[in-house]
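# Working through the structure, step by step
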Amino acid sequence: MIRYTLRCDRDHSFESWFQSSSAYDSQVKRKLVSCPVCGSAKVKKAIMAPRIVSKKGRDKAPAPVETPAQATASESTASESTSLMMAQERELRAKIRELRDHIVKNADNVGERFPNEARAMHYGDKEHRPIYGEASPEEARSLIEEGVEVSPLPTLPEDRN
């Protein structure tokens, strides 16, 4: 995983995690990365100072020294930032839940037949209709390589319990 500091065209700064730099490039190209403040999809990597710690220094990395005024200011900013991110996360989770519920309500669950059904519709053997179901990672990869448009049904951490 890699964390980037990003900046939108309206000069809002935010951070996001990506599986790799190519994953970042792909998501930005498809306009899947957007500013959490204004929603702009015009984002670029901001200048970042890398934090490199040698194996020897991992246990003994020096903590930056803050004055009391800096500590109070950074605690206030961190608190505001945390509450903003918590609100944004709740909103995002609600939208994901809404999307998932919409798919489940308006599409046919074809279960384990999903790869075959999706392929048949892609190649014109069956009429197109909204479906969802189950596919192994290998089956999903194979469908994508064939040009069949598929995406995972959105899940949330609480769905796994």
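Below is a short write-up of the structure. (Residues numbered from 1 in each chain as written. Predicted model: local features only at pLDDT ≥ 70, side-chain atom pairs only at ≥ 80, totals over all residues. Heavy atoms only, no water.)

### Thoughts on the packing of helix α3 (residues 114–122) against helix α4 (residues 137–145)
The following threshold applies: To obtain an axis, a line is fitted to C-alpha atoms, over the contacting stretch when the element is a helix, and the angle between two such axes runs from 0 to 180 degrees between their N-to-C directions. Strands here mean DSSP runs of E at least two residues long; helices mean DSSP runs of H or I at least four residues long; both are numbered from the N terminus. For classification purposes, angles smaller than 35 degrees are called roughly parallel, those larger than 145 roughly antiparallel, those between 65 and 115 roughly perpendicular, and all remaining angles oblique. Contacts were defined at the residue level, with two residues in contact if any of their heavy atoms lie within 4.5 Å. Three categories are distinguished: nonpolar for Ala, Val, Leu, Ile, Met, Phe, Trp, Tyr, Cys and Pro, charged for Asp, Glu, Lys and Arg, and polar for the others, with Gly belonging to the last.
Running from N to C, α3 and α4 cross one another at 5 degrees; their axes reach a closest spacing of 10 Å. On the basis of their axis angle, the class for α3 and α4 is roughly parallel. Each of Phe114, Pro115 and Arg119 in α3 lies in contact with α4, whose residues at this interface are Glu139, Ser142 and Leu143. Looking at side-chain class alone, the contact of α3 with α4 contains three nonpolar, one polar and two charged residues.

### Comments concerning the nonpolar core
Short version of the rule: Residues belong to a common nonpolar core when they are buried Ala, Val, Leu, Ile, Met, Phe, Trp, Tyr or Cys residues joined through side-chain atoms within 4.5 Å. Remark: exposure states derive from per-residue accessible area (1.4 Å probe, protein chains only) relative to the maximum for the residue type, with buried under 20%, exposed over 50%, and partly exposed in between.
With ten residues, the main nonpolar core is built from Tyr4, Leu6, Cys8, Phe14, Phe18, Tyr24, Val28, Val33, Cys35 and Val43. Of all elements in the fold, only β1 (2–8), β2 (13–18) and α1 (21–29) reach the threshold of two or more residues within this core. The greatest single-element share of this core, amounting to three residues, is contributed by β1. In this structure, Tyr24 is in contact with Tyr4, Leu6, Phe18, Val43, Lys44 and Lys45, ignoring residues within four places of it in sequence. Core analysis: the next-biggest nonpolar cluster, separate from the first, contains seven residues, Phe114, Ala118, Met121 and Ile131 among them.

### Concerning α3
Listed in full, the buried residues belonging to α3 are Phe114, Pro115, Glu117, Ala118, Ala120 and Met121. Buried residues along α3 sit against β4 (108–111), β5 (131–133) and α4. Phi turns positive, to about 85 degrees, at Gly124, one or two residues after α3.

### What to know about the pattern of salt bridges
The criterion, for reference: Salt bridges are counted wherever a side-chain nitrogen of Lys or Arg sits within 4 Å of a carboxyl oxygen of Asp or Glu.
All chains considered together, the criterion is met by ten salt bridges. Asp108 serves as the salt-bridge partner of Arg129, at 2.9 Å between the closest nitrogen and oxygen. Here Asp108 lies in strand β4 and Arg129 lies in the loop between α3 and β5, a separation of 21 residues in the sequence. On the accessibility criterion, Arg129 (31% relative accessible area) is partly exposed. Three or more residues joined by partner-sharing salt bridges are found here, namely Asp108, Arg113, Glu117, Lys126 and Arg129.

### With respect to the environment of Gly133
Summarising the element assignment, Gly133 is placed in strand β5. Owing to a relative accessible area of 33%, Gly133 belongs among the partly exposed residues under this scheme. Between the alpha carbons of Gly133 and Glu117 there is a distance of 9.5 Å; along the sequence they are 16 residues apart. Beyond its immediate sequence surroundings of up to four residues, Gly133 is in contact with Asn109, Gly111 and Phe114.

### A closer look at α1
In an α-helix, one turn spans 3.6 residues, which is why side chains three or four residues apart end up on the same side. To keep things clear, this is the line we draw: In this context, the arc is that of the directions from the helix axis out to the C-beta atoms.
Of all the positions in α1, only Ala23, Tyr24 and Val28 are classed as buried. An end-on view of α1 places all buried positions within 130 degrees of arc, on one side of the element. Where α1 is buried, its residues meet β1, β2 and β3 (43–45). Lys31 lies just past α1 and shows a positive phi near 60 degrees.

The values reported here are purely geometric and, on their own, carry no functional implication.
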